[in-house]
Amino acid sequence: MAAGQSRSSNSLVVPQASAALDQLKYEVAQELGIQIPQDGYMGFMATRDAGAIGGHITRRLVQIAEQQLSGSQFTR
């Protein structure tokens, strides 16, 4: 399997958002001080680290949606 590909059966509702979501994943990992392997394979990453990244991404996406729904500007 090539770098950046996963075996997940999840599919994006908006496929064009793939690059933005990948960027968000790397930003969150950097903020948490978690090193993502250069080859993109995260199978050896600690479950705790992967969960932390996913949880923070979810919080950030909810924050973005709430701001858009309220008409506020998006700020990080």
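Higher on the page you've got the structure.
Here the structure is a predicted model, which means the values were calculated and not measured.

For the protein, the helix and strand inventory stands at 2 helices and 0 strands. By the burial criterion, 16% of the 76 residues in the protein qualify as buried. Considering only residue pairs separated by 6 or more positions, the protein has 41% of its internal contacts joining residues 24 or more positions apart. When the accessible surface of the protein is summed, it comes to about 6200 Å², and 52% of that surface belongs to carbon and sulfur atoms.

In this structure, Leu24, Val28, Ala29, Ile34, Ile36, Met45, Ile53 and Ile57 together form the largest nonpolar core, which totals 8 residues. Residue contributions to this core peak at 3 residues, all from helix H1 (residues 18-32). When near neighbours in sequence (up to four residues on either side) are disregarded, Ile34 contacts Ala29, Met45, Asp49, Ala52 and Ile53.

Our next topic: the pattern of salt bridges. Counted according to the given criterion, the structure contains 3 salt bridges. A salt bridge links Lys25 to Asp22, with the nearest nitrogen and oxygen atoms 3.5 Å apart. One end of the pair is Lys25 and the other is Asp22, both in helix H1 and 3 residues apart, which spans about a single turn. A salt bridge links Glu31 to Arg60; its shortest N-O distance comes to 2.7 Å.

Take the packing of aromatic side chains next. All told, the structure shown has 1 aromatic pair when counted by the stated rule. Arranged with centres 5.3 Å apart and planes meeting at 75 degrees, the rings of Tyr41 and Phe44 form a pair that is edge-to-face. According to the relative accessible area criterion, Tyr41 is partly exposed, its value standing at 44%.

With that settled, consider H1. An ideal rise of 1.5 Å per residue puts 21 Å on 15 residues; H1 measures up with 21 Å between its terminal C-alpha atoms. Looking at H1, one finds that the buried residues are Leu24, Lys25, Glu27, Val28 and Ala29. The secondary structure elements touched by the buried residues of H1 are helix H2 (47-70). Positioned one or two residues after H1, Gly33 has a phi angle of 75 degrees, which is positive.

About the cut-offs
- Residues numbered from 1 in each chain as written.
- Predicted model: local features only at pLDDT ≥ 70, side-chain atom pairs only at ≥ 80, totals over all residues.
- Heavy atoms only, no water.
- Helix = DSSP H or I, 4+ residues; strand = E, 2+ residues; numbered from the N terminus.
- Buried < 20%, exposed > 50% of the residue type's maximum accessible area, 1.4 Å probe, protein only.
- Contact = heavy atoms within 4.5 Å.
- Areas by Shrake-Rupley, 256 points an atom, 1.4 Å probe, with all protein chains shown as cover.
- Core = buried A, V, L, I, M, F, W, Y, C linked by side-chain atoms within 4.5 Å.
- Salt bridge = Lys/Arg side-chain N within 4 Å of Asp/Glu carboxyl O.
- Phe/Tyr/Trp six-rings, centres within 6.5 Å; stacked < 30°, edge-to-face > 60°.
- Expected span 1.5 Å × (residues − 1).

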